[in-house]
Amino acid sequence: DDITLHEILVASPQEFEVNNVTSNSATFNWSGDAVKYHFQLLSNDVIEIDTLIGTSTIDILNINSATYYDAQVRAVMNISADSAIYSNWTKLNFLTACGVVEPTYNEGFEFTLPGSIPLCWDNIEASSIREESNWVVVKDMDNSYVRALTSTHEGVAKLHTPRIKVDGDNNMLSFRFRNNSP
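The structure contained in this document is the topic of the report that follows. Keep in mind that this is a model prediction, so the values were computed, not measured. By convention here, each chain's residues receive numbers from 1 onward along its written sequence. It should be noted that, the model being predicted, local features are given only for residues of pLDDT at least 70 and side-chain atom pairs only at 80 or more, the latter also being counted only at that level, while totals for whole chains, interfaces and linings use all residues. Working from all heavy atoms in the structure, the side-chain values ignore hydrogens and water.

1. So, the overall build of the chain
Each helix is a run of H or I in the DSSP string that is no shorter than four residues. Each strand is a run of E no shorter than two, and both are numbered from the N terminus. The secondary structure content of the chain amounts to zero helices and 15 strands. Whether a residue is buried, partly exposed or exposed follows from its accessible area with a 1.4 Å probe, protein chains only, as a fraction of its type maximum: under 20%, in between, or over 50%, in that order. Residue burial in the chain is summarised as follows: out of 182 residues, 32% are buried. Any pair of residues with heavy atoms lying within 4.5 Å of one another is described as a contacting pair. For the chain, the proportion of contacts with a sequence separation of at least 24, taken over those separated by at least 6, is 56%. Per-residue and other accessible areas follow the Shrake-Rupley method at a 1.4 Å probe size, with only the shown protein chains counted as cover for residues. Total accessible area on the chain is roughly 12000 Å²; 48% of this is exposed by carbon and sulfur atoms.

Next comes the structure, spelled out in structure tokens:
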């Protein structure tokens, strides 16, 4: 007898997008005709969420603020109770919004590139100051610190830290630094 093999192809999800991104949640949508989908959410190549769902949308809650994530989804076609065929992954990446920082917050600038500021800090130009007058992280030997770059142009450069939660009553604290250029 002759044996014939047929390749079964499963179409990958299309139009994969993330919406309603907040500091601790996001909504994912895609299109496709599969009955089931395999969804994963990763941070730094570590799988944080791994689930099978029967819809083309998923709301993810309780994720970290100011964090880069990778999301991927693939279609699943069940062949039998213990066998399935998967499509290729459809992928995207996104950044969650900044949120309130917990009291254990410590910024040592170790992971901030020189010439920039930490994620969720605001480098605000309050007047006609030139860009080179903004605040930046400087690495000097084994230390990292924030300093204002000076300019010959008049203006005020302001730097705002993220909001820091100080108690159980939702009181928050934020620091603002200011540099006046003559």
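After presenting the structure, the write-up continues.
2. Points about a nonpolar patch on the surface
What goes into a patch is any residue over 30% in relative accessible area without a salt bridge, connected to like charges within 9 Å or, for nonpolar side chains (Val, Leu, Ile, Met, Phe, Trp, Tyr), within 5 Å. The salt bridge definition used is simple: a Lys or Arg side-chain nitrogen within 4 Å of an Asp or Glu carboxyl oxygen. On the surface, Tyr 68, Leu 95 and Leu 119 cluster together to form a nonpolar patch covering roughly 300 Å² of accessible area. Looking at where Tyr 68 falls in the secondary structure, it is placed in strand E6 (residues 68-80). Take Tyr 68: its relative accessible area is 58%, and that puts it in the exposed class.

3. Some points on the nonpolar core
In globular proteins that are soluble, nonpolar side chains generally tend to be buried together. Definition used in this section: a nonpolar core is a set of buried Ala, Val, Leu, Ile, Met, Phe, Trp, Tyr and Cys residues joined via side-chain atoms within 4.5 Å. Counting 18 residues, the largest nonpolar core has Phe 16, Phe 28, Trp 30, Phe 39, Leu 41 and Phe 94 as the members making the most contacts within it. Looking at this core, the element that brings in the most residues is E6, giving four residues. Aside from chain neighbours lying at most four places away, what touches Leu 41 is Phe 28, Val 46, Ile 47, Glu 48, Ile 49, Ile 60, Ile 63, Tyr 69, Asp 70, Ala 71 and Phe 94. Core analysis: the second largest hydrophobic core is formed by five residues, Ile 117, Trp 121, Val 137 and Leu 159 among them.

4. Some words on the pairing of strand E3 (residues 36-43)
The buried fraction of E3 amounts to seven of the eight residues, a majority that puts the element mostly inside the structure. The pairing of E3 with strand E4 (residues 46-53) spans seven bridges and is antiparallel. Bridge pairing in E4 places Leu 41 opposite Ile 49. Two strands pair under a simple rule: DSSP has to find at least two bridges between them. The antiparallel hairpin formed by E3 and E4 contains two residues in its connecting segment, where Asn 44 sits at a positive phi of about 55 degrees.

5. Here's the deal with the packing of aromatic side chains
Stacked, tilted and edge-to-face are the three classes applied to pairs of Phe, Tyr and Trp rings, where Trp contributes its six-membered ring and a pair requires centres within 6.5 Å; stacked means planes under 30 degrees apart, edge-to-face means over 60, and tilted covers the rest. One pass over the structure, following the stated rule, counts seven aromatic pairs. Measuring from ring centre to ring centre gives 6.1 Å for Phe 16 and Phe 28, while their planes differ by 35 degrees; the resulting arrangement is tilted. Residue Phe 16 is located in strand E1 (residues 14-19), and its partner Phe 28 is located in strand E2 (residues 25-31); the two are separated by 12 residues in the primary sequence. Residues Phe 16 and Phe 28 agree in their burial class; the two are buried. Judged by centre distance (5.4 Å) and plane angle (70 degrees), the ring pair of Phe 28 and Phe 94 falls under edge-to-face. Placement of Phe 28 in strand E2 and of Phe 94 in strand E8 (residues 90-95) is noted, with a sequence separation of 66 residues between them. As far as the burial class goes, Phe 28 and Phe 94 line up, both buried. Feature note: the residues Phe 16, Phe 28, Trp 30, Tyr 37, Phe 39, Tyr 69 and Phe 94 constitute an aromatic cluster, connected by ring pairs. Definition used: whenever NZ (Lys) or CZ (Arg) falls within 6 Å of the ring centre and also within 35 degrees of the ring normal, the charge is taken to sit over that ring. The ring centre of Tyr 86 lies 4.0 Å from the NZ or CZ of Arg 74, which sits over that ring.

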